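Working through the structure, step by step
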Amino acid sequence: MPKSLTATSHWQALQKHAREMSGRHMRQLFEQDPQRSERYSLFAADWQLDFSKNLITDKTLQLLLALAKQQHLTQWRDRMFAGEKINHTENRAVLHVALRSRSGETIEVEGEDVVPQVRAVQAGMREFSDAIRDGKWTGYSGKAITDVVNIGIGGSDLGPMMVCQALAPYAKKELNMHFVSNIDGSHIHDTLQRCQAETTLFIISSKSFSTQETLNNALAARGWFLAQGGSKDQINRHFVAVTSNNKLATEFGIAPDSQFELWDWVGGRYSLWSAIGLPIAIALGMDQFEDLLGGAYAMDEHFRNAQPEQNMPVLLALLGVWYNNFLECETYAVLPYIQHLSSFPAYLQQADMESNGKRIDRNGLPVDYQTGPILWGGAGTNAQHAFFQLLHQGTKTIPADFIIARDSHSPYDNQQRMLVSNALAQMEALMRGKSKAEVAAEMLAKGLPQTECARLAPYREFAGNKPSNALFTDQLTPAALGALIALYEHKIFVQGVIWNINSYDQWGVEYGKQVANSVLPVLEGAPISAIDVSSSTRELISRLRRS
Ligand code: G6Q
């Protein structure tokens with residue numbers, strides 16, 4: 001029987017150290033060490049990380065790095081890059097890194113080099129996206145495409161949608177990008193109302209080509225296209241597929257020539273680098289898409305080569321483990337101070353929570369420690385006017401990543417400086433806090449009576465000692481975004497290794513789908529006795545079905 005992680009000496013040393021650290025305040029740590037920010041800073045692939053505003057000392061880092069070593073982090077990393085089937089419950093390699101490799105090395109899965117296949121699909125994406133962007137690929141009436149509707153869900157939606165939004169300043173203005181995912185018919189209906197059939201391209205994006213939401217939205221789109229004047233023999237001008245299931249895509253009516261391939265070694269939530277990124281290539285152009293891949297590759301190389309103590313994904317992951325497992329923080333916030341990244345927390349929510357929301361370890365045993373945290377967040381400064389109250393004065397400690405660009409793409413430079421000043425101020429205030437005495441002195445200086453100062457001081461006090469990471473870059477370019485996404489992907493990987501779980505399956509999403517498949521016929525009129533559900537669900541069905 002393998003020794004439980006919590007019984008190992010490194011784990012226990014961290015528990016002991018957490019008790020020692022619980023009485024410390026970051027204010028003191030900064031006072032004691034003027035070089036703290038310099039020492040706790042890193043640079044990798046367009047990004048700088050200042051992790052000095054964390055409740056850590058050198059000893060914390062040493063213990064966390066020892067834990068990573070104990071969990072064989074570097075070996076696992078090498079196994080992933082070598083194409084080993086580390087997704088052992090689905091018997092698959094995990095090779096999204098092969099999609100952005102620039103080294104010219106061969107990357108093999110089961111003895112076959114996958115790089116030529118990747119290059120061939122990328123060449124097809126270039127040809128197609130150029131044709132759409134140049135107006136050479138036209139709709140059935142000969143007019144250029146003006147609207148592109150990506151129909152997909154989960155990993156076949158969140159990544160390309162987030163990237164198209166994040167890099168909107170680089171996009172071709174004449175092309176309107178739409179993303180339809182929800183089975184709620186309003187999503188496709190509302191989108192179609194903004195499109196003309198003769199100038200609309202649909203990308204049916206589904207690795208399995210059997211996802212209920214995507215197939216039904218695709219059927220609705222096809223029905224609309226035919227009703228609006230399109231004909232069956234023109235479908236291939238208006239519908240393309242991205243899939244690893246060519247058979248089902250062909251049966252749906254999409255010609256093999258209009259299908260872009262992806263492979264089982266690309267996980268859904270890690271697939272924006274593959275042909276699932278076709279909407280990105282169309283919106284931005286293939287050169288910019290390649291820059292996105294290049295940025296991710298730069299972070300891959302950093303992750304592969306930098307020593308663990310100088311390795312940005314490793315450190316970010318270990319800090320997360322520190323708060324999640326030793327300081328009992330259940331959630332962490334991702335706070336982009338970049339409006340174009342407002343979908344980034346939602347994107348990362350899937351990447352992180354679907355990957356590491358697991359309770360069975362790689363040996364098939366239940367864990368006795370916390371795994372994936374609850375990730376949430378929102379764009380600053382909006383978030384300051386929404387939930388920051390709880391960050392500053394609530395009863396929970398919520399570590400946060402502040403993501404900042406020095407320059408924006410807008411001409412309003414004064415606003416950019418205000419934005420950045422807000423981000424810096426929030427991190428400082430969260431760390432420093434403000435004592436009752438400081439608060440009272442401030443109020444007194446403003447002329448408030450002493451009794452009023454004393455009465456209000458407890459409400460206006462800030463305990464501080466709230467951790468944050470500052471992640472910053474010059475500007476959110478395609479390369480910087482690629483590196484940022486890869487940084488978080490590798491962080492998730494590292495945490496999965498520490499927790500000894502498989503970050504690459506997602507059995508947890510299956511059960512609900514299965515039950516929905518049995519409820520649907522009953523909602524559609526089959527006898528209620530046909531299904532085995534609780535009295536609650538039975539009652540809800542009878543109230544919600546149309547009689
Ligand atoms: C991601 C998941 C999941 C998947 C969707 C869509 O890692 O696997 O979010 O991307 O369920 O699946 P299809 O692309 O097969 O339609």
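See above for the structure.
A short tour of the structure in this document, coming up. (Residues numbered from 1 in each chain as written. Predicted model: local features only at pLDDT ≥ 70, side-chain atom pairs only at ≥ 80, totals over all residues. Heavy atoms only, no water.)

**Structural notes on the overall build of the protein chain**
- Helix and strand content of the protein chain: 22 helices and 13 strands.
- By the compact-globule yardstick of 24 Å for 547 residues, the protein chain fits well, its C-alpha radius of gyration being 26 Å.
- A principal-axis box enclosing the C-alpha atoms of the protein chain has dimensions of 80 × 60 × 60 Å.
- Looking at the 547 residues of the protein chain, the share that counts as buried comes to 50%.
- Summed over all atoms, the accessible surface of the protein chain reaches about 24,500 Å², with 51% contributed by carbon and sulfur.
- Considering the protein chain, the positive charge centre built from 50 side chains and the negative charge centre built from 57 side chains are found 5 Å apart. (Helix = DSSP H or I, 4+ residues; strand = E, 2+ residues; numbered from the N terminus. Rg over C-alpha atoms; globule rule 2.2 N^0.38 Å. Buried < 20%, exposed > 50% of the residue type's maximum accessible area, 1.4 Å probe, protein only. Areas by Shrake-Rupley, 256 points an atom, 1.4 Å probe, with all protein chains shown as cover. Lys, Arg positive; Asp, Glu negative; His and termini not counted. Charge placed at Lys NZ, Arg CZ, Asp CG, Glu CD.)

**Section: helix H4 (residues 58-70)**
- Look at H4: 18 Å from first C-alpha to last across 13 residues, which is about the 18 Å you get at 1.5 Å a residue.
- When H4 is considered as a whole, its buried residues turn out to be Thr-60, Leu-61, Leu-63, Leu-64, Leu-65, Leu-67 and Ala-68.
- His-72 lies just past H4 and shows a positive phi near 60°. (Expected span 1.5 Å × (residues − 1).)

**Regarding the nonpolar core**
- In terms of nonpolar packing, the biggest core is built from 123 residues, with Trp-265, Leu-341, Phe-344, Ile-403, Leu-481, Leu-484 and Phe-493 touching the most fellow members.
- Among the elements that line this core, the one with the most residues is helix H20 (residues 478-498), at 13 residues.
- Leu-481 has contacts with Met-162, Val-163, Ala-166, Leu-167, Leu-292, Leu-341 and Leu-476, leaving out every residue within four places of it along the chain.
- Core analysis: the second largest hydrophobic core is formed by 20 residues, Val-149, Leu-192, Ala-197 and Ala-241 among them. (Core = buried A, V, L, I, M, F, W, Y, C linked by side-chain atoms within 4.5 Å. Contact = heavy atoms within 4.5 Å.)

**A few points about the packing of aromatic side chains**
- Evaluated as defined, the whole model comprises 21 aromatic pairs.
- A centroid spacing of 5.8 Å and a plane angle of 75° characterise the contact between Tyr-140 and Phe-225, whose relative ring orientation is edge-to-face. Of this pair, Tyr-140 sits in the loop between helix H6 (115-134) and strand S5 (147-151) while Phe-225 is found in helix H9 (residues 212-227), placing the two residues 85 residues apart along the sequence.
- Ring geometry for Trp-263 against Trp-265: centres 5.0 Å apart, planes inclined by 0°, an arrangement best described as stacked.
- Of the aromatic side chains, those joined through ring pairs into one cluster are Tyr-140, Phe-202, Trp-224, Phe-225 and Phe-239.
- In this structure, Arg-77 is placed above the aromatic ring of Phe-303, and the distance from its NZ or CZ to the ring centre is 6.0 Å.
- Its guanidinium or amino end placed over the ring of Trp-76, Arg-79 lies 4.3 Å from that ring's centre, counting from NZ or CZ. (Phe/Tyr/Trp six-rings, centres within 6.5 Å; stacked < 30°, edge-to-face > 60°. Lys NZ or Arg CZ within 6 Å of the ring centre and 35° of its normal.)

**Thoughts on the site of the ligand**
- If you check the shell around the ligand, you find 13 residues, and the closest are Ser-156, Ser-206, Ser-208, Thr-211 and Gln-350.
- Contacts to the ligand include Ser-208, whose side-chain N or O atom sits 2.6 Å from an oxygen atom.
- Gln-350 places a polar side-chain atom, nitrogen or oxygen, 2.7 Å from an oxygen atom of the ligand.
- For the shell around the ligand, a count of residues per class yields 1 nonpolar, 9 polar and 3 charged. (Near = heavy atom within 4 Å. Polar contact = N/O pair within 3.5 Å; in protein donor to acceptor, adjacent residues only side chain to side chain. Nonpolar A, V, L, I, M, F, W, Y, C, P; charged D, E, K, R; others polar.)

**Focus: the pairing of strand S1 (residues 41-44)**
- Here S1 shows a buried face lined by Leu-42 and Ala-44 and an unburied face lined by Ser-41 and Phe-43.
- In terms of strand pairing, S1 meets strand S2 (residues 47-50) through 4 bridges, oriented antiparallel. Note that in S2 the partner of Leu-42 across the bridge is Leu-49.
- Two successive antiparallel strands, S1 and S2, enclose a turn made up of 2 residues, where Ala-45 displays a positive phi of approximately 45°. (Pairing = 2+ DSSP bridges.)

**Remarks on the sheet that holds strand S7 (residues 200-205)**
- Spatial strand order, S6-S5-S7-S8-S9: 5 strands in an open sheet with parallel pairing. With one partner strand each, in any of the chains shown, strand S6 (176-180) and strand S9 (259-261) form the two edges of the open sheet. The average angle at which neighbouring strand axes cross in this sheet is 20°, direction not considered.
- As judged from the 5 bridges shared by S5 and S7, these two strands associate in the parallel manner. Opposite Asp-147, over in S7, you have Thr-200 as the bridge partner.
- Contacts between helix H8 (residues 185-192) and the sheet are confined to S5, S6 and S7, with S6 contributing the most and set at about 165° to the helix. (Axes fitted to C-alpha atoms, helices over the stretch in contact; angles between N-to-C directions.)

**Quick notes on a nonpolar patch on the surface**
- On the surface, Leu-523, Leu-540 and Leu-544 cluster together into a nonpolar patch covering about 300 Å² of accessible area.
- If you trace the backbone, Leu-523 turns up in helix H21 (residues 510-523). (Patch = residues over 30% accessible without salt bridge, like charges linked within 9 Å, V, L, I, M, F, W, Y side chains within 5 Å. Salt bridge = Lys/Arg side-chain N within 4 Å of Asp/Glu carboxyl O.)

**Here we look at the packing of helix H13 (residues 286-305) against helix H14 (residues 312-326)**
- Relative orientation of the contacting elements H13 and H14 amounts to 75°, with a least axis distance of 8 Å. With respect to H14, the element H13 is oriented roughly perpendicular. Where H13 approaches H14, its residues Met-299, His-302 and Phe-303 are matched on the opposing element by Met-312, Pro-313 and Val-314.
- Grouping the amino acids of the contact of H13 with H14 by side-chain chemistry returns 5 nonpolar, 1 polar and no charged. (Parallel < 35°, antiparallel > 145°, perpendicular 65-115°, else oblique.)

**Focus: the sheet that holds S2**
- The 6 strands lie next to each other as S1-S2-S13-S12-S10-S11, forming an open sheet whose pairing is mixed. Among the strands making up the open sheet, the edge pair consists of S1 and strand S11 (374-377). Direction aside, the axes of adjacent strands within the sheet are offset by 20° on average.
- In this fold helix H15 (residues 344-356) packs onto strand S10 (331-337), S11 and strand S12 (400-405), with an angle of close to 175° to the strand it touches most, S11.
- Where H20 meets the sheet, its contacts fall on S2, S10, S12 and strand S13 (468-473), and the angle it forms with S13 comes to roughly 150°.

**Looking at the pattern of salt bridges**
- Per the counting criterion, the structure on display carries 29 salt bridges.
- Linking Glu-251 and Lys-247 is a salt bridge whose minimum nitrogen-to-oxygen distance equals 3.2 Å. In this pair, Glu-251 and Lys-247 are both assigned in helix H11 (residues 246-252), 4 residues apart and thus about one turn of the helix distant. Of the two residues examined, Glu-251 and Lys-247, each falls in the exposed class.
- Linking Arg-304 and Glu-301 is a salt bridge whose minimum nitrogen-to-oxygen distance equals 3.9 Å. Of this pair, Arg-304 and Glu-301 are both found in helix H13, 3 residues apart, which corresponds to roughly one turn of the helix.
- Look at Arg-304 and you get partly exposed, because its relative accessible area is 26%.
- Beyond isolated ion pairs, a larger network of salt bridges with shared partners links Arg-102, Arg-126, Asp-287 and Glu-290.

**Some remarks on unusual backbone geometry**
- A cis geometry characterises the amide bond from Gly-380 onward to Thr-381, with omega recorded as 10°.
- Within the secondary structure, Thr-381 sits in the loop between S11 and helix H16 (388-393).
- Despite not being glycine, Asp-46 shows a phi value in the positive range, around 75°.
- With respect to the helices, strands and loops of the structure, Asp-46 is situated in the loop between S1 and S2.
- Given a relative accessible area of 38%, Asp-46 falls into the partly exposed group.
- Despite not being glycine, Asn-91 shows a phi value in the positive range, around 55°.
- Mapped onto the elements, Asn-91 comes out in the loop between helix H5 (73-81) and strand S3 (108-109).

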